[in-house]
Amino acid sequence: MSHTKDNIIHLVRDNGIKFIRMQFTDVFGQLKNVTITDNQLEKALDNQLMFDGSSIEGFTRINESDQYLHPDLDSFLIFPWQSEEGKIARLICDIYQPDGAPFLGAPRGVLRRALNKAKDMGFTAFNIGPECEFFLFKMDEYGKPTTSTNDEAGYFDLGPLDQGEKVRRNICLALEQMKFDVEASHHEVAAGQHEIDFKYSDALDSADKIMTFKLAVKIMAQRAGLHATFMPKPLFGKAGSGMHINMSLFKGEKNMFYDENDKRGLSKEAYSFMAGILKHIDGITAITNPLVNSYKRLVPGYEAPCYIAWSTVNRSALIRIPAARGNSTRIELRSPDSACNPYLALAVCLAAGLDGIEKGLVPPQEITKDIFAMSREEHKTYGIKELPSSLAEALSALEADDFLCNVLGTHIMRSYITGKRKEWYEYCTRVSSWEIDRYLVNY
């Protein structure tokens, strides 16, 4: 829905809204906000709201801290849940410098630049359909989250076995009040694990929706006395949570990934786009799988891909082409998880795909066999390589990929690599309970 400044002012007044959250996302995918009262709304809508960027990790240094929040008027919505203070609205913001220039360290701006590149190449839309998975866990007596689930259900089970069904239903109702088109929701394979899918939209709107989705899931779970987590692999021996990304490119009303004359129904652009992603996938993985924990999901045996391959039929492949054709033709990247920053993740996927189209890249042969069941010798025969096995390996691949470094820009690359290297160092030097159990007595 399109909004104007006057329209928003009237909506705030007519709905009795006293507080408006001016939201933005940091480099590491954490949702941030500056909350204003309705008395400050007009100032904010005039792009005059200043905040201290040096307080946000990865933004600015203390001697250059002043930054401005420029709200995207079309992002205005009223949250369907209320606080003690009453109704709350939000606006998603872009970050600008005092001189009026866009802040190069803002993730939303990275995606905008990638979309502008697509526009320059004649593409009018980059559509995204995310599939977001999450866990619902019980809280302890002190209100702290545990890893105990509130059900023992499995794939597509329903209540009463699925104890999270009511919470999931309430999440869907809240999303629909925020103008999401919820297409499906169901229990996932692991106990306490759930998935909610919403309709595709253009990339910027989809990234905004992913951030809003994660907030809504956590709030509605908390109101039910549960903790929702998008941690990729919270339970040993169980499936992890992913966020498959379905992608399609359009020129006007035409899906540029479809070609009725191809035996698979795929266009030259589809093959090249896919080849571009496969070419840059090692570096992309540092963005789409940003946590130390992400790589404990990307292992054989738990439905998550860990081998670099593509297929029209094979769900063990990194990239799958779902069966639908015509304007529903799409490329599904199955490795990302919901812990990623969606603005950066979609930006690097789009940029890599466009690189493939510009260079006319051709993907390797399709793999129709179950890759998990293949031997290492077969992997070598088919030229199937593995995704990075750790955050450190993925970060090194990202640093070595000059193309992706340029897509992200110097500021975000420096901030992201520094923060993630620190995270990896802390992980490597932390003594885990597994090490105590394994070594304390024996050695």
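Refer to the structure printed above.
Residues numbered from 1 in each chain as written. Predicted model: local features only at pLDDT ≥ 70, side-chain atom pairs only at ≥ 80, totals over all residues. Heavy atoms only, no water.

Q: Describe helix H9 (residues 391-400), naming the residues involved and giving the relevant values.
A: For H9, the complete set of buried residues consists of Leu391, Ala392, Ala394, Leu395 and Leu398. Down the axis of H9, the sector holding all buried residues measures 160°, keeping them to one side. Taken together, the buried residues of H9 touch helix H6 (268-288), helix H10 (402-408) and helix H11 (410-429). (Buried < 20%, exposed > 50% of the residue type's maximum accessible area, 1.4 Å probe, protein only. Helix = DSSP H or I, 4+ residues; strand = E, 2+ residues; numbered from the N terminus. Arc of directions from axis to C-beta. Contact = heavy atoms within 4.5 Å.)

Q: I'd like a rundown of the packing of aromatic side chains, residues and numbers included.
A: Considering all chains together, one arrives at 16 aromatic pairs under this definition. Pairing Phe134 with Phe230 gives two aromatic rings, centres 5.7 Å apart and planes at 50°, and the pair type is tilted. Taken together, the residues Phe134 in strand E7 (residues 125-139) and Phe230 in the loop between strand E12 (226-229) and strand E13 (243-251) connect sequence positions 96 residues apart. On the accessibility criterion, Phe134 (1% relative accessible area) is buried. Each residue in the set Phe134, Phe180, Phe198, Phe213 and Phe230 is aromatic and connected to the rest through ring pairs, giving one cluster. The residue whose ring lies beneath Lys209 is Phe180, and the NZ or CZ to ring-centre distance is 5.7 Å. Above the plane of the ring of Phe123 lies Lys251, whose end atom (NZ or CZ) is 5.1 Å from the centre. (Phe/Tyr/Trp six-rings, centres within 6.5 Å; stacked < 30°, edge-to-face > 60°. Lys NZ or Arg CZ within 6 Å of the ring centre and 35° of its normal.)

Q: Break down the packing of helix H5 (residues 203-223) against helix H7 (residues 342-359) for me, citing the residues and quoting the values.
A: Contact geometry for H5 and H7: axes closest at 9 Å, N-to-C directions at 150°. Judged by the angle between their axes, H5 and H7 are roughly antiparallel. H5 and H7 meet at a crossing whose hand is right-handed. The segment H5 lies against H7, with Ala203, Leu204, Ala207, Asp208, Ile210 and Met211 engaging Pro342, Tyr343 and Leu346. By residue class, the composition of the contact of H5 with H7 is eight nonpolar, no polar and one charged. (Axes fitted to C-alpha atoms, helices over the stretch in contact; angles between N-to-C directions. Parallel < 35°, antiparallel > 145°, perpendicular 65-115°, else oblique. Left-handed = near helix turned anticlockwise from the far one by under 90°. Nonpolar A, V, L, I, M, F, W, Y, C, P; charged D, E, K, R; others polar.)

Q: I'd like a description of the pairing of strand E1 (residues 19-25), backed by residues and values.
A: The buried fraction of E1 is high, at five of seven residues. One ladder, built from five bridges, connects E1 with strand E6 (residues 86-96); its direction is parallel. Bridge pairing links Phe19 to Ile88 in E6. Pairing between E1 and strand E2 (residues 31-37): seven bridges, direction antiparallel. From the neighbouring strand, Phe24 faces E2, where its bridge partner is Lys32. What sits between E1 and E2 in their antiparallel hairpin is a turn of five residues, with Gly29 showing a positive phi close to 85°. (Pairing = 2+ DSSP bridges.)

Q: Give me unusual backbone geometry: which residues, what numbers.
A: Positive phi, normally seen in glycine, also occurs at Asn47, with a value near 65°. Within the element layout of this structure, Asn47 appears in the loop between helix H2 (41-45) and strand E3 (49-52). Owing to a relative accessible area of 26%, Asn47 belongs among the partly exposed residues under this scheme. Its identity as a non-glycine residue notwithstanding, Lys179 has a phi of 70°, on the positive side. Along the chain, Lys179 turns up in the loop between helix H4 (165-177) and strand E9 (182-187).

Q: Before we move on, could you go through the environment of Cys405 and cite the residues and values that matter?
A: Mapped onto the secondary structure, Cys405 falls in helix H10. Separated by 57 residues in sequence, Cys405 and Val348 have C-alpha atoms that sit 9.6 Å apart. Not counting chain neighbours up to four residues away, the residues in contact with Cys405 comprise Leu398, Glu399 and Met413.

Q: Would you mind going over the nonpolar core in detail, with residue names and values included?
A: Within soluble globular proteins, side chains that are nonpolar tend to cluster in buried spots. Residues Phe213, Met247, Phe273 and Ile319 are the most contacted members of the largest nonpolar core, which totals 95 residues. If sequence neighbours within four positions are ignored, Phe213 has contacts with Cys132, Phe134, Leu175, Phe180, Ile196, Phe198 and Phe230. Val12, Met22, Phe103 and Ala106 belong to the second largest nonpolar core, which has 20 residues in total. (Core = buried A, V, L, I, M, F, W, Y, C linked by side-chain atoms within 4.5 Å.)

Q: Go over empty space enclosed by the protein, please, and point to the residues and values.
A: Applying the stated criterion across every chain yields a total of two cavities of 30 Å³ or more. Put simply, the largest cavity is a space of about 70 Å³. As for the largest cavity, its lining consists of Phe24, Thr25, Ile92, Cys93, Asp94, Ile95, Ala106, Pro107, Arg108 and Tyr343. Among the elements that take part in the lining of the largest cavity, E6 stands out by supplying four residues, more than any other. The calculated volume of the second largest cavity comes to roughly 40 Å³. What lines the second largest cavity is simply Gln23, Thr25, Leu31, Arg90, Ile92, Asp208, Met211, Thr212 and Tyr343. Of the residues forming the lining of the second largest cavity, the biggest block, three residues, is contributed by H5. Taken together, the residues that form the lining of the second largest cavity break down as four nonpolar, three polar and two charged. (1 Å grid on protein atoms, 1.4 Å probe; cavity = no way out; pocket = protein on both sides within 12 Å on 5 of 7 lines; lining within 4 Å. Points joined across faces, edges and corners; volume = space filled by probe spheres on them.)

Q: I'd love a proper account of the environment of Asp205, names of residues and values included.
A: Among the secondary structure elements, Asp205 is positioned in helix H5. Relative accessible area serves as the criterion here: at 27%, Asp205 is assigned to the partly exposed category. Asp205 sits 78 residues away from Asn127 along the chain, and the two C-alpha atoms are 9.3 Å apart. For Asp205, the side chain forms a polar contact with the side chain of Lys209, separated by 2.5 Å. (Polar contact = N/O pair within 3.5 Å; in protein donor to acceptor, adjacent residues only side chain to side chain.)

Purely spatial values, then, with no claim about function.
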